[in-house]
Amino acid sequence: MGAPLPTPSLHTARLRLRAFEDTDAGDLFTLHSNAYVLRYWDSPPWGEPARAEKFLATCRQMEREGTGVRLAVERASDGTFLGWCTLADWNPDFRSATVGYCYREEAWGHGYATEAAGELLRWAFDTLDLNRVQAEADTRNLGSARVLEKLGFTREGTLREDCVVNGDVSDSWVYGLLRREWRAPSEPPKAC
């Protein structure tokens, strides 16, 4: 167990990324009980509201143990809960972590996932001195693959039949982003 890793409060032009609160349990349950939203997830949709409490407890545990952060993502203009993003499995020795996210269907197609993950990655590279960030996406989830590619991730391989959810077997793509490849989304491309 490492030192605590305080959950940051981050902002973009359109979004607020903040620590989860107990009052987010209802929104979390609505998000994670939606079978369509979770059709490419590595676990089945939640059937019990108590799962949201476990999720919130895991957020606090990650912060306490210093293994990562999970942030609620809300629209800055009206405070609407859109979903969440995470930086998990932080290993200070290897200078590595994984990134992930989950958003309400109504939030898809507006660039929120790219914007929020980009801000989280900016914080992570600046604060945690990361060298590598990894992500995985179900090979059927082309939207998530596009988000990762817009952020500069490189598809490095395929994990064959790595998930079995309710009898449905699926493959996952593995993505990697190295510090030397990172360019915050708002920065212009560097000239060669």
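Residues numbered from 1 in each chain as written. Predicted model: local features only at pLDDT ≥ 70, side-chain atom pairs only at ≥ 80, totals over all residues. Heavy atoms only, no water.

Student: Summarise the packing of aromatic side chains; cite the residues concerned and give the values.
Tutor: According to the stated counting rule, one finds eight aromatic pairs in the structure shown. Consider the rings of Tyr101 and Tyr103, whose centres lie 6.4 Å apart with planes at 40°: the pair is tilted. Each of the two residues, Tyr101 as well as Tyr103, counts as buried. Ring pairs connect the aromatic residues Phe20, Trp41, Trp46, Phe55, Phe81 and Trp84, which therefore count as one cluster. The cationic tip of Arg39 hangs over the ring face of Tyr36; the distance from NZ or CZ to the ring centre is 3.9 Å. If you follow Arg70 out to its NZ or CZ, it ends over the ring of Trp84, 5.5 Å from the centre. (Phe/Tyr/Trp six-rings, centres within 6.5 Å; stacked < 30°, edge-to-face > 60°. Buried < 20%, exposed > 50% of the residue type's maximum accessible area, 1.4 Å probe, protein only. Lys NZ or Arg CZ within 6 Å of the ring centre and 35° of its normal.)

Student: Tell me about the pairing of strand S5 (residues 96-103), and please be specific about residues and values.
Tutor: The buried count for S5 comes to seven of eight residues, which makes it a mostly enclosed element. Relative to S5, strand S4 (residues 81-91) is paired through seven bridges, and the arrangement is antiparallel. Paired with Asn91 across the strands is Ser96, a residue of S5. A loop of four residues connects S4 with S5, the two strands running antiparallel in sequence, and Arg95 in this loop sits at a positive phi of about 55°. For S5 and strand S6 (residues 132-138), the ladder comprises three bridges, and the chain directions are parallel. By the bridge assignment, Ser96 is partnered in S6 with Arg132. In terms of handedness, the path from S5 via helix H3 (residues 112-128) over to S6 forms a crossover that is right-handed. (Helix = DSSP H or I, 4+ residues; strand = E, 2+ residues; numbered from the N terminus. Pairing = 2+ DSSP bridges. Right-handed = clockwise from strand over helix to strand, strands pointing away.)

Student: Account for the state of the cysteines, naming residues and giving values.
Tutor: If you walk through the whole model with that rule in mind, you get zero disulfides. Left unpaired, Cys102 is separated from the closest cysteine sulfur, that of Cys85, by 11 Å. (Disulfide = S-S within 2.5 Å.)

Student: Quick rundown of the environment of Glu48? Include the residues and the values.
Tutor: If you trace the backbone, Glu48 turns up in the loop between helix H1 (25-32) and helix H2 (50-65). Residues Glu48 and Phe29 lie 19 residues apart in sequence; the distance between their C-alpha atoms is 8.0 Å.

Student: If you had to explain the sheet that holds strand S3 (residues 69-75) to someone new, which residues and values would you point to?
Tutor: Read from one edge to the other, the open sheet built from eight strands follows the order S1-S2-S3-S4-S5-S6-S8-S7, with strand pairing classed as mixed. Here the strands that pair on one side only, and so sit at the sheet edges, are strand S1 (10-11) and strand S7 (154-165). Each of S4 and S5 touches H1; the most contacted strand, S4, lies at about 90° to it. Along the sheet, H3 contacts S1, strand S2 (15-19), S3, S4, S5, S6 and strand S8 (168-178); its crossing angle with S4, the most-contacted strand, is approximately 30°. (Contact = heavy atoms within 4.5 Å. Axes fitted to C-alpha atoms, helices over the stretch in contact; angles between N-to-C directions.)

Student: Describe the nonpolar core, naming the residues involved and giving the relevant values.
Tutor: Soluble globular proteins tend to pack their nonpolar side chains together in the buried interior. Judged by nonpolar contacts, the single largest core of 40 residues is most densely connected at Cys85, Leu87, Tyr103, Leu120, Trp123, Leu130 and Phe153. Elements with a minimum of two residues in this core: S2, S3, S4, S5, H3, S6, helix H4 (142-150) and S8. Excluding residues that lie within four positions of it along the chain, Tyr103 makes contacts with Leu31, Val37, Val73, Leu82, Gly83, Trp84, Cys85, Trp108, Tyr112, Ala113 and Ala116. One finds Ala25, Leu38, Ala52 and Cys102 within the second-largest nonpolar core, a separate group that totals 15 residues. (Core = buried A, V, L, I, M, F, W, Y, C linked by side-chain atoms within 4.5 Å.)

Student: Give me the lowdown on H1, citing residues and values where you can.
Tutor: Regarding H1, the residues found buried are Ala25, Leu28, Leu31 and His32. Buried positions in H1, seen along its axis, are confined to an arc of 125° and lie on one side of it. Where the residues of H1 are buried, they touch H2, S4 and S5. (Arc of directions from axis to C-beta.)

Student: Now, about the pattern of salt bridges: what can you tell me, with residues and values included?
Tutor: Any two side chains of opposite charge can pair, so long as their charged atoms come close to each other. As enumerated under the stated definition, the model contains 14 salt bridges in all. With its nearest N and O atoms 2.6 Å apart, the salt bridge here joins Arg14 to Glu115. Of this pair, Arg14 sits in the loop between S1 and S2 while Glu115 sits in helix H3; the two residues are 101 residues apart in sequence, bridging distant segments of the chain. On the basis of relative accessible area, Arg14 is assigned to the partly exposed category, the value being 31%. Close ionic contact of Arg140 with Asp138 constitutes a salt bridge, the shortest N to O distance being 2.8 Å. Accessibility expressed as a relative area gives 35% for Arg140, which makes it partly exposed. The exposure class assigned to Asp138 is buried, which follows from its relative accessible area of 6%. (Salt bridge = Lys/Arg side-chain N within 4 Å of Asp/Glu carboxyl O.)

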